[in-house]
Amino acid sequence: MILPAIDLQNGQSVRLYQGDFTKETIISPAPVKQAKEINAAGVYALHLVDLDGAKAGSPRNLAVIKKIRTEFTGLIEVGGGIRSLDTIETYLAMGIDRLILGSVALKDPAFTKQVLAKFGPERIVIGVDGTDGKVAVDGWLKQSEVTMATLINEMQQAGAKHFIVTDVAKDGTMTGANVDLLTNLQNQFVHANIIASGGIRDLQDILALQAAGIADAVAGKALYEGSLTLKEIAEVNGC
């Protein structure tokens, strides 16, 4: 399954370059319309990131996300600033299908394990972002010394199944996904679903990932640059 990405900042859809908040490009001032266009193309999965929330530590684009959920048919996953039980319950109550826990998985593993036990691995997804195989936190503003493999291992033992792995150095660069990193992690954790994020350029990149055993991926900039189309995503997703 390929999930088109909409990154939200100040109520608008934007793209960042390598996670740098100072290097933003506005994709659309109307992200609800953008989500409806994704649906209209026959794609029924969506990856939303509250960039302001990731930076602040709590949701900042709730109203827009709620409106998108009302208008969009299909699976929606949301990440960015999800660090409390109240936030999780708010999102689930509005009908969000999956919630991505990133920084909190590293900073507060006890809480993350608690919500995994409470809501299950189909609701709680672990976001594993970083560079050089090490995890970054707080909207990628800080780099830790914890390896991605260490975090995945701990969270998998706690019941997690889905892991969105983003190589920050690849994100928004259109230079191709970090296939070596992704396949090494998938081979190490054969029962996990390693979801590719960052750097995907076109359909060939997606097909190469799938051939290497990475079934799911998040696509952002390639869509807005036109090197990957919603029609191609719909065909890959079997819609």
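Here the structure is shown first, and the text comes after it.
Residues numbered from 1 in each chain as written. Predicted model: local features only at pLDDT ≥ 70, side-chain atom pairs only at ≥ 80, totals over all residues. Heavy atoms only, no water.

What is the right way to look at the overall build of the chain in this model?
What the chain contains, in helices and strands, is 11 helices and 12 strands. Relative to a compact globule of 239 residues, whose C-alpha radius of gyration would be 18 Å, the chain shows 16 Å and is just as compact. Across its three principal directions, the C-alpha atoms of the chain cover 40 × 40 × 35 Å. Burial status across the chain gives 53% buried among its 239 residues. Of the contacts formed within the chain by residues at least 6 apart in sequence, a portion of 65% connects residues at least 24 apart. Of the roughly 9,800 Å² of accessible surface on the chain, a fraction of 50% belongs to carbon and sulfur atoms. Taking the average location of the 22 positive side-chain charges in the chain and that of its 27 negative ones, the two points are 4 Å from each other. (Helix = DSSP H or I, 4+ residues; strand = E, 2+ residues; numbered from the N terminus. Rg over C-alpha atoms; globule rule 2.2 N^0.38 Å. Buried < 20%, exposed > 50% of the residue type's maximum accessible area, 1.4 Å probe, protein only. Contact = heavy atoms within 4.5 Å. Areas by Shrake-Rupley, 256 points an atom, 1.4 Å probe, with all protein chains shown as cover. Lys, Arg positive; Asp, Glu negative; His and termini not counted. Charge placed at Lys NZ, Arg CZ, Asp CG, Glu CD.)

Which parts of the structure should I look at to understand the side chain of Ser197?
Mapped onto the elements of the fold, Ser197 is located in strand β11 (residues 193-197). Judged by relative accessible area, Ser197 falls into the buried class, the value being 11%. At 3.0 Å, the side chain of Ser197 and the side chain of Thr166 are in polar contact. (Polar contact = N/O pair within 3.5 Å; in protein donor to acceptor, adjacent residues only side chain to side chain.)

So what exactly am I meant to see when it comes to helix α6 (residues 109-119) here?
Spacing of three or four residues puts side chains on the same side of an α-helix, whose turn is 3.6 residues. Taken together, the buried positions of α6 are occupied by Phe111, Thr112, Val115 and Leu116. Summarising the axial view, the buried residues of α6 lie within an arc of 140°, below the 170-degree limit, and thus occupy one face. Those residues of α6 that are exposed and angled more than 90 degrees off the buried face are Ala110 and Ala117. Contact partners of the buried residues in α6: α4 (85-93), β6 (98-101), α5 (103-107), β7 (124-131) and α7 (148-157). Phi turns positive one or two residues past the end of α6, at Gly120, with a value near 90°. (Arc of directions from axis to C-beta.)

Whenever I open this one, the pairing of β7 confuses me. Can you help?
When a strand is regular, its side chains alternate between the sheet's two faces. With 7 of 8 residues buried, β7 is to be regarded as a mostly interior element. Note: β6 against β7, 3 bridges, orientation parallel. Each bridged residue has a counterpart across the sheet, and for Leu99 the counterpart in β7 is Ile124. Pairing analysis gives 5 bridges linking β7 to strand β10 (residues 162-167), with the strands arranged parallel. When the sheet's bridge partners are listed, Gly130 is paired in β10 with Asp167. Note that β7 and strand β8 (residues 134-137) share 2 bridges and pair antiparallel. Bridge pairing links Thr131 to Lys134 in β8. What sits between the antiparallel neighbours β7 and β8 is a turn of 2 residues, in which Asp132 has the positive phi angle 55°. (Pairing = 2+ DSSP bridges.)

Is there a simple way to explain the environment of Asp171 in this structure?
Secondary-structure assignment places Asp171 in the loop between β10 and α8 (179-188). Along the chain, Asp171 and Arg15 lie 156 residues apart, while their C-alpha atoms are 9.5 Å from each other.

Is there a simple way to think about the packing of helix α1 (residues 31-40) against helix α3 (residues 62-71) in this case?
Helix packing for two helices is described by the angle between their axes and how far apart those axes are. Axis separation between α1 and α3 bottoms out at 9 Å; the angle between their running directions is 25°. By the angle between their axes, α1 is roughly parallel relative to α3. Like other packed secondary-structure pairs, α1 and α3 cross with a definite hand, here right-handed. Contacts between α1 and α3 involve Pro31, Val32, Ala35, Lys36 and Asn39 from the former and Val64, Lys67, Ile68 and Glu71 from the latter. Taken together, the residues that form the contact of α1 with α3 break down as 5 nonpolar, 1 polar and 3 charged. (Axes fitted to C-alpha atoms, helices over the stretch in contact; angles between N-to-C directions. Parallel < 35°, antiparallel > 145°, perpendicular 65-115°, else oblique. Left-handed = near helix turned anticlockwise from the far one by under 90°. Nonpolar A, V, L, I, M, F, W, Y, C, P; charged D, E, K, R; others polar.)

Help me out: how do you make sense of the environment of Ala56 in this one?
Inspection of the secondary structure puts Ala56 in helix α2 (residues 51-56). When the C-alpha atoms of Ala56 and Ile152 are compared, they prove to be 24 Å apart, with 96 residues separating the residues in sequence.

Just checking my understanding: could you explain the nonpolar core for this structure?
What tends to happen in soluble globular proteins is that the nonpolar side chains get buried as a cluster. Leu99, Phe163 and Val165 are the most contacted members of the largest nonpolar core, which has 61 residues in total. In terms of residue count, the dominant contributor to this core is α7 (5 residues). Phe163 has contacts with Val125, Ile126, Val128, Ile152, Met155, Gln156, Ala192, Asn193, Ile194 and Ile195, leaving out every residue within four places of it along the chain. In terms of nonpolar packing, the next biggest core, distinct from the first, is built from 6 residues, Ala5, Ile100, Ile164 and Val218 among them. (Core = buried A, V, L, I, M, F, W, Y, C linked by side-chain atoms within 4.5 Å.)

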